Amino acid sequence: MSDTHSTSRARGFCAVRGAGGPRAALTARLPLVSLLVVLVVLVVLPLYLQEFWLRVGFSIFGAVIGAIGLTILVGTTGQLSLGHAFFLAVGAISYCWLASEPSDLGSRHLGGLGLPPLVAMVLAVLISGLAGLLFSPVSARLRGIYLGIASLGLVFVGQHVLNSATPVTGGFNGRRTPHFSLFGFAFDNDDSGFAVLGVPFGRFERLWYLGLVLVVLAAWFAYGVLRSRPGRALRAVRDGEIAAAVTGIDVTGYRARAFLVSSMYAGLAGVLYALSIGSVAPESFTVDVSIQYLAIILLGGLGSIGGAVAGSVFVIGLPLLLEQYSENLPFLSAPGSSGVTSAEAAKYAYGAAVILFVLFQPRGLAGIAYTLVSGRRAAALRRGSDPPPDGGGPPAGRGRAAADGAAFAGTGSVGPAGTVQADLPAGAASGG
Amino acid sequence: MTTFVSLLVNGISQGAVYALIALGFVIIFKASEVLNFAHGSMLFVGAYLTARLVGPVGFAAAAVIGVVGTALLAVLVERLLFSRVGRGTGLATQGQVAALTIMTLGLDIVIATDLTRRIGSRVLSLDQPWGTGAFSVGGVGLAYNRLIAMGTAAVLILAFFAAFRFTGWGVALRASAEDPEAAALMGIRHWHVSALAWLVAGGLAAVAAVFLTGSPTPGLEPSIRTVAFLAFPAAIIGGLDSTTGALAGGVIVGVAQSLVAGYADHLQFLGGDFGGAVPYVVMLVVLLARPAGLFGTRELARV
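Bear in mind that the values here come from a model prediction, so they are computed numbers and not experimental data.

## Quick word on the overall build of chain B
Step number 1: Scanning chain B for helices and strands turns up 11 helices and two strands.
Step number 2: Scanning chain B from its N terminus toward the C terminus, one meets helices and strands in the order α-α-α-α-β-β-α-α-α-α-α-α-α.
Step number 3: The C-alpha atoms of chain B give a radius of gyration of 19 Å, which matches the 19 Å a tight globule of 303 residues would have.
Step number 4: Projecting the C-alpha coordinates of chain B onto the three principal axes gives extents of approximately 60 × 50 × 35 Å.
Step number 5: Sorting the 303 residues of chain B into buried and exposed places 52% on the buried side.
Step number 6: Long-range pairs, those at least 24 residues apart, make up 77% of the contacts in chain B with a sequence separation of at least 6.

## A short note on the overall build of chain A
Step number 1: What chain A contains, in helices and strands, is 18 helices and eight strands.
Step number 2: With 432 residues in all, chain A has 49% of them scored as buried.

## Describing the packing of helix α9 (residues 225-238) of chain B against helix α10 (residues 243-262) of chain B
All names here are of chain B.
Step number 1: Remark: α9 packs on α10, axes separated minimally by 7 Å, with the N-to-C direction vectors making an angle of 130°. On the basis of their axis angle, the class for α9 and α10 is oblique. For the element pair α9 and α10, the recorded crossing hand is right-handed. Each of Leu230, Pro233, Ala234, Ala235, Ile237 and Gly238 in α9 lies in contact with α10, whose residues at this interface are Gly245, Ala246, Ala248, Gly249, Gly250, Ile252 and Val253.
Step number 2: When grouped by side-chain class, the residues that make up the contact of α9 with α10 number nine nonpolar, four polar and no charged.

## Side note on helix α3 (residues 59-82) of chain B
Residues three or four positions apart in an α-helix share a direction because the helix packs 3.6 residues into each turn.
Step number 1: For α3(B), with 24 residues, the first-to-last C-alpha span of 33 Å sits near the 34 Å given by 1.5 Å per residue.
Step number 2: Inspection of α3(B) places Ala62(B), Ala63(B), Gly66(B), Val67(B), Thr70(B), Ala71(B), Leu73(B), Ala74(B), Val75(B), Val77(B), Glu78(B) and Phe82(B) among the buried residues, and these make up the whole buried set.

## Things to note about the interface of chain A and chain B
Step number 1: The interface of chain A with chain B comprises 47 residues on the first partner and 41 residues on the second.
Step number 2: Listed by contribution, the elements that provide at least two residues to the side of chain A that touches chain B are α6 (136-139), α7 (144-164), α10 (229-239), α11 (241-246), α13 (287-300), α15 (342-360) and α17 (396-409) of chain A.
Step number 3: Here the residues of the side of chain A that touches chain B sort into 32 nonpolar, nine polar and six charged.

## Side note on the pairing of strand β2 (residues 140-143) of chain B
Step number 1: Pairing of strand β1 (residues 134-137) of chain B with β2(B), which is carried by four bridges, proceeds in the antiparallel orientation. The residue bridging Phe135(B) from the neighbouring strand is Leu142(B), located in β2(B).

## Brief notes about the nonpolar core
Step number 1: With 208 residues, the main nonpolar core has Val354(A), Ala19(B), Ala22(B), Leu43(B), Ala208(B) and Ala231(B) as its most contacted residues.
Step number 2: Broken down by element, this core gets its largest block of residues, 15 residues, from helix α8 (residues 190-212) of chain B.
Step number 3: Discounting chain neighbours no more than four positions away, the residues touching Ala231(B) are Tyr18(B), Ile21(B), Ala22(B) and Phe25(B).

## Things to note about the environment of Ala206(B)
Step number 1: Mapped onto the elements, Ala206(B) comes out in helix α8.
Step number 2: Residues contacting Ala206(B), with those up to four places away along its chain left out, are Gly46(B), Gly66(B), Val67(B), Thr70(B) and Ala71(B).

## Here we look at the environment of Pro178(A)
Residue and element names in this part refer to chain A.
Step number 1: Considering the arrangement of structural elements, one finds Pro178 in the loop between β3 (175-176) and β4 (181-182).
Step number 2: Overall, the presence of 21 C-beta atoms within 10 Å leaves Pro178 in the buried class.
Step number 3: Taking C-alpha positions, Pro178 is 17 Å from Gly62, a pair spaced 116 residues apart along the chain.
Step number 4: Apart from residues no more than four positions distant in its own chain, Pro178 is found in contact with Cys96, Ala99, Ser100 and Pro117.

## Comments concerning the packing of α7(A) against α9(B)
Step number 1: Two numbers describe how α7(A) lies on α9(B): the axes approach to 10 Å, and their chain directions differ by 130°. Taken together, the axes of α7(A) and α9(B) are oblique relative to one another. Of the two elements, α7(A) crosses α9(B), and the hand of that crossing is left-handed. Packed against α7(A), whose contacting residues are Tyr146(A), Ile149(A), Leu152(A) and Gly153(A), the element α9(B) presents Phe232(B), Pro233(B) and Ile236(B) at the interface.
Step number 2: Partitioning the contact of α7(A) with α9(B) into residue classes produces six nonpolar, one polar and no charged.

## Topic: helix α14 (residues 305-324) of chain A
All names here are of chain A.
Step number 1: A rise of 1.5 Å per residue sets the reference length of α14, with its 20 residues, at 28 Å; its end C-alpha atoms lie 28 Å apart and thus fit the reference within 8%.
Step number 2: Along α14, the helix axis deviates most sharply at Gly317, where the bend reaches about 40°; the proline Pro319 sits within four residues downstream.
Step number 3: Along α14, the residues that are buried comprise Ile305, Gly307, Ala308, Val309, Ala310, Gly311, Ser312, Val315, Ile316 and Pro319.
Step number 4: Summarising the contacts, the buried residues of α14 are in contact with α3 (51-76), α9 (203-227), α13, α15 and α16 (364-383).

## Some words on the confidence of the model for chain B
Residue and element names in this part refer to chain B.
Step number 1: A residue-level look at chain B finds 93% of positions with pLDDT of 70 or above and a mean pLDDT of 84.
Step number 2: Within chain B, no element has a lower average pLDDT than β1, which sits at 79, and none a higher one than α3, at 90.
Step number 3: Interface confidence for the predicted complex, given as ipTM, is 0.84, next to a pTM of 0.81.

## Let's talk about the confidence of the model for chain A
Residues and elements named next belong to chain A.
Step number 1: Of the residues in chain A, 76% have a pLDDT of 70 or more, and the chain-wide mean is 76.
Step number 2: Here residues 1-18 is modelled with pLDDT under 50, and outside its nearest four sequence neighbours on either side it reaches 30 contacts, counting other chains as well.
Step number 3: Note that pLDDT drops below 50 for residues 387-432; the model gives that stretch 77 contacts with residues more than four away or on any other chain.

## Here's the deal with the environment of Gly202(B)
Residues and elements named next belong to chain B.
Step number 1: Structurally, Gly202 is set in helix α8.
Step number 2: Of the residues examined, Gly202 has 30 C-beta atoms within 10 Å and is grouped as buried.
Step number 3: Sequence-wise, Gly202 and Arg118 are 84 residues apart; in three dimensions their C-alpha atoms are separated by 21 Å.
Step number 4: Apart from the residues within four sequence positions on either side, Gly202 is in contact with Met42, Thr70, Ala71, Leu73 and Ala74.

Basis of the calculations
- Residues numbered from 1 in each chain as written.
- Chains lettered and ligands numbered in written order.
- Predicted model: local features only at pLDDT ≥ 70, side-chain atom pairs only at ≥ 80, totals over all residues.
- Helix = DSSP H or I, 4+ residues; strand = E, 2+ residues; numbered from the N terminus.
- Rg over C-alpha atoms; globule rule 2.2 N^0.38 Å.
- Buried ≥ 20, exposed ≤ 12 C-beta atoms within 10 Å, placed from the backbone.
- Contact = placed C-beta atoms within 7 Å.
- Axes fitted to C-alpha atoms, helices over the stretch in contact; angles between N-to-C directions.
- Parallel < 35°, antiparallel > 145°, perpendicular 65-115°, else oblique.
- Left-handed = near helix turned anticlockwise from the far one by under 90°.
- Nonpolar A, V, L, I, M, F, W, Y, C, P; charged D, E, K, R; others polar.
- Expected span 1.5 Å × (residues − 1).
- Pairing = 2+ DSSP bridges.
- Core = buried A, V, L, I, M, F, W, Y, C linked by C-beta atoms within 7 Å.
- Bend = angle between axes of the 7 residues up to and from the residue.
- pLDDT = per-residue confidence, 0-100.

In structure tokens form, the structure reads like this:
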């Protein structure tokens, strides 16, 4: 199926190029080109930005990874999970435990294995996955709201367990995050005087690149999964469990695997969170964290990887920005006074944004982007004098976009069967 | 033995209040197919309105205004937000359920942030006329607040079950939950049913809030919102689409919590402060055995 996509898309590009010249060709490739531009900008940014912005950026990178994991589960599989905070906690705390040397702080003893940080990071992700797998007897059998509440239980029970396991987690006081390092290169401020193009590279410059690489890998993997057989199976499970089972999809198995992948993503996000904050305590991973992640993926557009990125920038970036500039913004006031503080303003903003998006733009930011891009593509096609060669059908890219967004948001025009329908012209085009 | 009976009675009285909240989840779920995560905020609104008005107009009037105000707010939420997301046939897809549920979370964030900001670090008192006193019969002690809560909850729940069974609305709600399309064809207006469901749920939440802020708790604090997180497992344990289940779930959660807190000394091996997690532990165990809850309808799919 993925080959048919690429074939038909290639045809679409050819048609556009033939019809509208280089400008239309550029329009058609806009997503790819803009992605590359954004990546180049992100690579260059640490040379110019202050530490504050790098810190914000690294928090966002971590959130993006967690949000991608959640969007696979909630958006693509249709399984509501409020347990993301728990898997973040497992990842963050496992990393700290695995990478730290055992230490004694006063009367408290903190265990640790003292593994190399990279090994600890990989193991932390695996442990989160294991936690997700252990939960699969519940997660694979329940759906919708039942799973939502059951996973909520995971947060509460998990927090209790983690708070009690003091030697590993540090209990209520938490524990410090060991610094990350890769083959002897420390991601921390050191005296090496390491600098690029005259810009000294400290802790957050280095972490920025770590985060960026991990985000790219995470998004790439998720993109591959969602565009291939498992992704289609998951969407089929979401749109009609019985229909999916009839076509031979192992519904329970795919649900369990979606939960596994999602919890591993959350684990990695937890490791990045631990690195960005510098210390972790089980207390930090409350239900509110789970809610925040749900807000991220909803604002971005459920099931969309690009949307997970955009949502993270908004939900994680906004409070930090408002906090930084609270003194300059007239409608904000200092904490403790009767006015609206920056943290509260950010909460109002994203709570209201969630409501408004569900009401007016259920496909989220990704939906807006799709509409814009497909509109431009259509315009580029119309500018050419020749009729589209696929016999008037929409370009495959557009059909796909509409199906991805609308089938989920249920705007009604395409409906649950939309994914199948939209693929038909693409298949026909490549066949004919 | 006295300790045990005392814990049991206290647990049941607290469970009755949870049952009021859980009943709200169940009614809304039956009417709208979503779980209202903003229910914690509804509790909050009810208690806040009452606490604010108790000075000027006295407790009785304040409580009535609190309950009515919260009920109207719930209807407003249903009319302005929920009914707009198209569920014409009443058959929401898994995706829509997720989106709507996340919307209730967004609503919860907005309301809770606003009220928390208004309260600040204060503890507002609702000045319940029954005060903070307690009585004891044969060594079994119970706060008056808990006793009155239990009585009120019993009356309200009985009234609700009667309405559910005998009134036109109750029949319409059950029909609508059973088969939305057929119900619509029989002339049942879905919006009537669901608006009334939200009205009742909002009112019940506010009543529960009045008792939750009474003795032995010091008064209204922003943490009242977390009580809703104890009522979720109650609704799930009983089965989300069963009103009887909500009652049973509420009592189970209340009793389990009370017993764990009472025998904390013997339960040290479970870690300190296990009381907060116990409703969820019970819920997970129930879900493992019965994925639809104790009284919930099992979904059958013939392939």
